[in-house]
Amino acid sequence: MRLGVLDIGSNTVHLLLVDAHPGARPVAFASHKRPLSLVQYLDGDGNISDAGQNELIEFVLEAWEFAARHKAEDLLAFCTSAIREATNGAAVLARVKHETTVTLQELTGSEEASMTFFAVRRWYGWGAGPILDLDIGGGSFEMAYGTDELPEFATSVPLGASRLTRDWLHDDPPTAKSVKELRRYIRSTLKPVVRNFRDLGRANLVAGTSKTFRSLARIAGAAPSGAGPYVKRELHAADLGLWAQRISAMTVEDRLYLPGVSDARARQLLAGALVAEAALELFEFPTMEICPWALREGLILRRLDQLVFEEALDPAPHVGKRKKDKTKKKAGKEGGKTTDTDEPRPMIQEFPSPAPIPAPMAGGLAS
């Protein structure tokens, strides 16, 4: 099947089309996205402005047409912190539905963290043991820990890179005072949250699952994206501290010369580095691995799992193939009738509408 995932994030709006079936890894078919920092469209009262809403609606219409043109059979549409935390978020969702017919499912912070963790677990497998996943978005910072497919504890705090840049780093380059104050704010926000993870156990693996982490790892010497998703990429706390200091002295224009830094991410790179640095320090881990799968992949995999339970599932055509029965062929020549049992049947006859993501339980998701 061809599945579309429409992701309304805080930094970008992105439609990803993948070809997949239950039991197989999703393979990207096509993508349509644009930079759209909804956080930058918030007014003094926390409302998304008309200009921001118009940009959002225009993209949703584009995405719908793109998905239809490429024959997507199922569409998951969701939004995260930018709309979730906006004062007029409910009104924005209602307007999008009225003008585009697309219903955006609003994920809570713990749901967002849990579905991202789910993707990480599927990528690394059971052999990774307990995992701590960290994800820096534009509007929020998600954390999740667990030993199973879904986390034991998942939470979110308003420490997104775009949000922090807008609220704290007004100068270019930022002043030493503003950087110091932001460091203090990040740590004071994270400390009580990190304490909630203390009794859960020590992770074998810390994973970073966002564009911010990928950019920081690339700056610190990790392989470029062109090397493929299977190359191991790490981000070390020592390198992160060094680069946070360097980036704080750079202008936005200077940051564009760093490897892996785009126009859309250059301004918020410092805030992201400060959050990453504080998180590794407070969780007391010297290094983390960069995972290529994140929230979108988690939702895709969860949707495919739902199809397994909702529909009869036949094996893929190449599974369980049997050699031709020579005895039956001989019988056919003598007047008997042969039956071709090797014809593959369609795996799934219909694609039902997406089931809602389960409500969070004990900081995670219900299974």
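See above for the structure.
The shown structure was predicted, so the numbers you read here are calculated from the model rather than taken from an experiment.

(A) Structural context of the overall build of the protein chain. From N to C terminus, the protein chain includes 13 helices and 13 strands. Within the protein chain, buried positions represent 51% of all 367 residues. When contacts within the protein chain are restricted to residue pairs at least 6 apart in sequence, long-range pairs at least 24 apart make up 72% of them. Accessible surface for the protein chain amounts to roughly 17600 Å². Of this, 52% is attributable to carbon and sulfur atoms.

(B) Region of interest: unusual backbone geometry. The residue after Asp172, namely Pro173, is reached through a cis peptide bond having omega 0°. Take Pro173: it is sitting in the loop between helix 5 (161–168) and helix 6 (176–195). Positive phi outside glycine occurs at Thr101, with the angle close to 70°. Mapping Thr101 onto the fold places it in the loop between helix 3 (89–100) and strand 5 (105–106). Positive phi is not limited to glycine here, since Glu284 has a value of about 65°. Relative to the elements of secondary structure, Glu284 occurs in the loop between helix 11 (269–283) and strand 11 (287–290). Using a relative accessible area of 53% as the deciding quantity, one classes Glu284 as exposed.

(C) Here's a closer look at the sheet that holds strand 11. Read from one edge to the other, the open sheet built from six strands follows the order 8-7-6-9-11-10, with strand pairing classed as mixed. Among the strands making up the open sheet, the edge pair consists of strand 8 (153–157) and strand 10 (234–236). Geometrically, the sheet is characterised by an average inter-axis angle of 25° between neighbouring strands, direction not taken into account. Alignment of strand 6 (residues 131–136) against strand 9 (residues 205–208), held across four bridges, turns out to be parallel. Note on strand 9: the bridge partner recorded for Asp133 is Ala207.

(D) Quick peek at the sheet that holds strand 4 (residues 74–79). Spatially, 3-2-1-4-5 is the arrangement adopted by the five strands of the open sheet, whose pairing is mixed. The open sheet is flanked by strand 3 (27–35) and strand 5, the only strands paired with a single partner. Relative to strand 5, strand 4 runs parallel, the two sharing two bridges. Each residue of the ladder has a partner; that of Cys79, found in strand 5, is Glu106. Against the sheet, helix 1 (residues 50–69) engages strand 1 (2–8), strand 2 (12–19), strand 3 and strand 4, with an angle of about 160° to strand 3.

(E) Highlighting the pattern of salt bridges. The full count for this structure, using the stated rule, is 17 salt bridges. Here Glu112 and Arg84 are joined by a salt bridge, their closest N and O atoms 3.1 Å apart. On the criterion of sequence distance, the pair formed by Glu112 in helix 4 (residues 109–124) and Arg84 in helix 2 (residues 81–84) is long-range, its members being 28 residues apart. Across this residue pair, the class does not change: Glu112 and Arg84 are buried. Taking the shortest distance from any N to any O, the salt bridge between Lys232 and Glu289 comes out at 3.6 Å.

What counts, and at which threshold
Residues numbered from 1 in each chain as written. Predicted model: local features only at pLDDT ≥ 70, side-chain atom pairs only at ≥ 80, totals over all residues. Heavy atoms only, no water. Helix = DSSP H or I, 4+ residues; strand = E, 2+ residues; numbered from the N terminus. Buried < 20%, exposed > 50% of the residue type's maximum accessible area, 1.4 Å probe, protein only. Contact = heavy atoms within 4.5 Å. Areas by Shrake-Rupley, 256 points an atom, 1.4 Å probe, with all protein chains shown as cover. Pairing = 2+ DSSP bridges. Axes fitted to C-alpha atoms, helices over the stretch in contact; angles between N-to-C directions. Salt bridge = Lys/Arg side-chain N within 4 Å of Asp/Glu carboxyl O.

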